[in-house]
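Each chain, letter by letter, is given below.
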Amino acid sequence: AKEQGRGSICCFDPQMDAAPRDRRSLEGDLRSAIRRGDIELVYQPVMSTQTGLITSVEALARWLHPEKGPISPHIFIPLAEESGLIVQLGETLLRQACSDAASWSSSVRVAVNLSPLQFQAGDLCATVAGILKETGLEANRLQLEVTEGLVIRDVERTFSELERLRALGIQILMDDFGVGYSSLSYFQRFPFDKVKIDKSFVDQITTSRAARAIVQAIVGLGDTLGMGVVAEGVETEDQMRLLVEAGCTHLQGYLFSPPVRKSVLQESFLLPLGA
Ligand code: C2E
Ligand code: CA
Ligand code: CA
Ligand code: CA
């Protein structure tokens, strides 16, 4: 760091020049990866605590960069959002997930993550309806996961779009609940089908009374409002036991299965074809 005038310190960082260029080149790579269909989906099972059976799978995007190796969605989803590519990517992934699910030998639901930006561009409901028709997937087998970040911008528009999607028969899930800008009032505005408890509470449930109380409170809310409660990121038997005791209706996490390729899902988790 070198001094620059009084009181202000200018940190000279040789990486500072490279960063925007790297970013632009990664953005270019992302653009071509989307065009070539190189962003793929893996699927993670979600189990019912009542039956122990898989009721749905969450579709999660994967990008294997030809030189850089796997790039985390924590990197490329925000990059796609900042560059506007998310609308096209989101639509491509939704089509892929619906087409995969339509081919499965079991009627498990498929959950697709939506970026808040997909609600702002064009007519999302028409796009989704078109994809269902095109792929032949029944609407009641599709779940859309939305985060609370969604609701911040245009509340009225967002809720009316959610109503229209739900009217098609699609389930709407509130994802990552309890972190960020969560507001309990969302549940007064919209009848979410399920709420997903963020992994951070699951991580702490064995050690923190507060985390246990929060999980219990969300389950209570779910009971009263007829909303299923999914705990995500379940890694240990101890977490599972406490989450079942608390009354979660569904569990998802490495304890049961990591996200897997669709061939593995079909072979190891879904009913064999023809059975
Ligand atoms: P998310 O929607 O909260 O997804 C759950 C994340 O937790 C996934 O990370 C999943 O692989 C990971 N996970 C599941 N079980 C466990 C566990 O037991 N332990 C641990 N440590 N992790 C677990 P992933 O696939 O890296 O995705 C990260 C985030 O990127 C997602 O968080 C979601 O916000 C976003 N994302 C991923 N795919 C898509 C997509 O197709 N569209 C959009 N808009 N966002 C996506
Ligand atoms: Ca999710
Ligand atoms: Ca989540
Ligand atoms: Ca999360």
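Residues numbered from 1 in each chain as written. Chains lettered and ligands numbered in written order. Predicted model: local features only at pLDDT ≥ 70, side-chain atom pairs only at ≥ 80, totals over all residues. Heavy atoms only, no water.

The name given to the protein chain in an unreviewed UniProt entry is EAL domain-containing protein, and the organism recorded there is Sphingomonas natans.

We now examine the confidence of the model for the protein chain. Taken over all residues, the pLDDT of the protein chain has a mean of 90, while the share at 70 or more is 91%. Here residues 1–12 is modelled with pLDDT under 50, and outside its nearest four sequence neighbours on either side it reaches nine contacts, counting other chains as well. Predicted as a complex, the structure gets a pTM of 0.92 and an ipTM equal to 0.98. (pLDDT = per-residue confidence, 0-100. Contact = heavy atoms within 4.5 Å.)

One finds Ile39, Val110, Leu142 and Phe192 to be the most contacted residues of the largest nonpolar core, which totals 72 residues. If sequence neighbours within four positions are ignored, Val110 has contacts with Tyr43, Val57, Ala59, Ala97, Ala101, Trp104, Leu137, Arg141, Leu142 and Gln143. (Core = buried A, V, L, I, M, F, W, Y, C linked by side-chain atoms within 4.5 Å. Buried < 20%, exposed > 50% of the residue type's maximum accessible area, 1.4 Å probe, protein only.)

The calcium ion (ligand 2) binds to the protein through Glu58 (OE), Asn113 (OD1), Glu145 (OE) and Asp175 (OD); the donor distances cover 2.1 to 2.3 Å. The distance between the calcium ion (ligand 2) and the calcium ion (ligand 3) comes to 3.6 Å, and Asp175 binds to both of them. Of this pair, Glu58 sits in strand E4 (residues 54–65) while Asp175 sits in strand E8 (residues 171–177), and the two are 117 residues apart along the sequence. Since its relative accessible area comes to 5%, Asp175 is described here as buried. (Donors = N, O, S within 2.8 Å, 3.2 Å for Na, K, Ca; no water. Helix = DSSP H or I, 4+ residues; strand = E, 2+ residues; numbered from the N terminus.)

With that settled, consider the packing of helix H3 (residues 86–103) against helix H4 (residues 124–135). Relative to each other, H3 and H4 sit at 35°, their axes nearing to 9 Å. Every pair of crossing elements has a handedness; the one defined by H3 and H4 is right-handed. Every residue of H4 that contacts H3 at Glu91, Leu94, Arg95, Cys98, Ser99 and Ala102 is listed here: Thr127, Val128, Ile131, Leu132, Glu134 and Thr135. (Axes fitted to C-alpha atoms, helices over the stretch in contact; angles between N-to-C directions. Left-handed = near helix turned anticlockwise from the far one by under 90°.)

Moving on to the pairing of strand E10 (residues 228–231). Residue alternation in E10 divides its side chains into two sets, Gly228 and Val230 and Val229 and Ala231, and both sets are buried. Judged from the four bridges that link them, strand E9 (residues 194–197) and E10 form a sheet pairing that is parallel. For Lys194, the partnering residue across the bridge sits in E10 and is Gly228. Bridge analysis of E10 against strand E11 (residues 250–251) gives two bridges, and the strand direction is parallel. Its bridge partner lying in E11, Ala231 is registered against Leu251. After leaving E10, the chain enters helix H10 (residues 237–246) and then returns to the sheet as E11, a path that is right-handed. (Pairing = 2+ DSSP bridges. Right-handed = clockwise from strand over helix to strand, strands pointing away.)

One pass over the full model with this rule turns up 20 salt bridges. Asp123 is the partner of Arg164 in a salt bridge, and the nearest nitrogen-oxygen pair spans 3.4 Å. Taken together, the residues Arg164 in helix H6 (residues 155–167) and Asp123 in the loop between strand E6 (109–113) and H4 connect sequence positions 41 residues apart. For Asp123, a relative accessible area of 36% gives the class partly exposed. A salt bridge links Glu161 to Arg164, with the shortest nitrogen-to-oxygen separation between them at 3.2 Å. With Glu161 and Arg164 both in helix H6 and three residues apart, the pair spans about one turn of that helix. Salt bridges sharing partners connect three or more residues here, namely Arg23, Glu27, Arg31 and Glu82. (Salt bridge = Lys/Arg side-chain N within 4 Å of Asp/Glu carboxyl O.)

So, on to the site of ligand 1. As a structural note, the neighbourhood of ligand 1 is formed by 22 residues, with Gln44, Ala61, Arg62, Glu235 and Tyr254 the closest of them. Between ligand 1 and the protein, one listed contact pairs a nitrogen atom with a side-chain N or O atom of Gln44 at 3.0 Å. Between ligand 1 and the protein, one listed contact pairs an oxygen atom with a side-chain N or O atom of Asp176 at 3.2 Å. Mapped by element, the contributors of at least two residues to the shell around ligand 1 are E4, helix H2 (73–82) and E8. (Near = heavy atom within 4 Å. Polar contact = N/O pair within 3.5 Å; in protein donor to acceptor, adjacent residues only side chain to side chain.)

This paragraph deals with the packing of aromatic side chains. This structure, assessed with the given rule, holds seven aromatic pairs. Measuring from ring centre to ring centre gives 6.3 Å for Phe159 and Phe190, while their planes differ by 35°; the resulting arrangement is tilted. Within this pair, whereas Phe159 is found in helix H6, its partner Phe190 is found in the loop between helix H7 (186–189) and E9, the two being separated by 31 residues in sequence. Accessibility expressed as a relative area gives 5% for Phe159, which makes it buried. Pairing Phe177 with Phe187 gives two aromatic rings, centres 5.1 Å apart and planes at 65°, and the pair type is edge-to-face. With Phe177 in strand E8 and Phe187 in helix H7, this residue pair connects regions lying 10 residues apart in the sequence. (Phe/Tyr/Trp six-rings, centres within 6.5 Å; stacked < 30°, edge-to-face > 60°.)

A few words now on the pairing of E8. Buried residues dominate E8, accounting for six of its seven residues. In the sheet, strand E7 (residues 142–146) pairs with E8 via four bridges, with the strands oriented parallel. Across the sheet, the residue bridging to Val146 is Met174, located in E8. Relative to E9, E8 runs parallel, the two sharing three bridges. By the bridge assignment, Met174 is partnered in E9 with Val195.

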